Amino acid sequence: QKWGIDFSLDYVYTGHCLEVFHIEADYLNYDEAMVDKEKAEQLILNTDWWDVAYCLLRDKDKWSHLNSDDQADYKSMYVGWKRAFDNRKVFNFAA
């Protein structure tokens, strides 16, 4: 079993689209998943996303040269999340 959080927020403006915040996290422990779910909900509800989008566009030279995973990490850490992608593989071997 595993549980997960997957959230993505994009800013669409005149012919462009900026991925502002994208997280994907898997958990093998339900309680850990619920703790981070609460943190994610509070972050999402209490962040001024217009300001984040403005600042990311303003500071594009700091992250635009990074590969896509590192860009996502940069943006996630910018708003206080530990990393963008924290995936767990689960194997189920049938007997």
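Residues numbered from 1 in each chain as written. Predicted model: local features only at pLDDT ≥ 70, side-chain atom pairs only at ≥ 80, totals over all residues. Heavy atoms only, no water.

Asker: Just checking my understanding: could you explain the environment of H65 for this structure?
Answerer: Summarising the element assignment, H65 is placed in the loop between helix 2 (49-58) and helix 3 (68-78). C-alpha separation for the pair H65 and R83, spaced 18 residues apart in sequence, amounts to 18 Å. (Helix = DSSP H or I, 4+ residues; strand = E, 2+ residues; numbered from the N terminus.)

Asker: Could you clarify how one ought to interpret the state of the cysteines in this entry?
Answerer: Every disulfide links exactly two cysteines, by a covalent bond between their sulfur atoms. By the definition in use, this model includes 0 disulfides. The thiol of C17 is not disulfide-bonded; the next cysteine sulfur, from C55, is found 18 Å away. A residue is classified by how much of its surface remains accessible, and C55, at 7% relative accessible area, is buried. (Disulfide = S-S within 2.5 Å. Buried < 20%, exposed > 50% of the residue type's maximum accessible area, 1.4 Å probe, protein only.)

Asker: Please clarify how the packing of aromatic side chains should be interpreted in this entry.
Answerer: For any pair of aromatic rings, the description rests on two quantities: the centre-to-centre distance and the angle between the ring planes. Going through the model one piece at a time under the given rule, you end up with 6 aromatic pairs. The structure contains a cluster of three or more aromatic residues connected by ring pairs, namely F7, F21 and W49. In this structure, K82 is placed above the aromatic ring of W81, and the distance from its NZ or CZ to the ring centre is 5.2 Å. (Phe/Tyr/Trp six-rings, centres within 6.5 Å; stacked < 30°, edge-to-face > 60°. Lys NZ or Arg CZ within 6 Å of the ring centre and 35° of its normal.)

Asker: Sorry if this is basic, but what is going on with helix 3 here?
Answerer: Inspection of helix 3 places Q71, A72, D73, K75 and S76 among the buried residues, and these make up the whole buried set. Among the residues of helix 3, the N-terminal cap falls to N67, whose side-chain oxygen and the backbone nitrogen of D69 are separated by 3.0 Å. (Polar contact = N/O pair within 3.5 Å; in protein donor to acceptor, adjacent residues only side chain to side chain.)

Asker: I tried to follow the side chain of D73 on my own but got confused; where do I start?
Answerer: If you trace the backbone, D73 turns up in helix 3. The side chain of D73 sits in the buried core without any salt bridge; R83 is the nearest counter-charge, 4.8 Å away. What D73 contacts, discounting residues up to four positions off in sequence, is R83, A84 and F85. (Lys, Arg positive; Asp, Glu negative; His and termini not counted. Salt bridge = Lys/Arg side-chain N within 4 Å of Asp/Glu carboxyl O. Contact = heavy atoms within 4.5 Å.)

Asker: Looking at this model, I keep getting lost on the sheet that holds strand 3 (residues 85-86). Mind explaining?
Answerer: Each strand in a sheet pairs with its neighbour through backbone hydrogen bonds, running either in the same direction (parallel) or in the opposite one (antiparallel). Spatially, the 3 strands line up as an open sheet ordered 1-2-3, and their pairing is mixed. At either end of the open sheet lies a strand with only one pairing partner, and these are strand 1 (3-13) and strand 3. In this sheet, strand 2 (residues 16-27) lies alongside strand 1 in antiparallel orientation, the contact comprising 11 bridges. Across the sheet, I5 pairs through a bridge with A25, a residue of strand 2. Contacting strand 2 and strand 3, helix 3 crosses the sheet at an angle of about 85° to strand 2. (Pairing = 2+ DSSP bridges. Axes fitted to C-alpha atoms, helices over the stretch in contact; angles between N-to-C directions.)

Asker: Looking at this structure, I do not really get the nonpolar core. What am I missing?
Answerer: One recurring pattern in soluble globular proteins is that nonpolar side chains are buried together. Counting residues in each nonpolar core, the largest one holds 17 residues, and the members touching the most others are V20, F21 and W81. For this core, the elements supplying multiple residues, two or more each, are strand 2, helix 1 (30-46) and helix 2. Looking at this core, the element that brings in the most residues is strand 2, giving 6 residues. Excluding residues within four positions of it along the chain, V20 makes contact with L9, D10, Y11, W49, V52, A53, L56 and K75. (Core = buried A, V, L, I, M, F, W, Y, C linked by side-chain atoms within 4.5 Å.)

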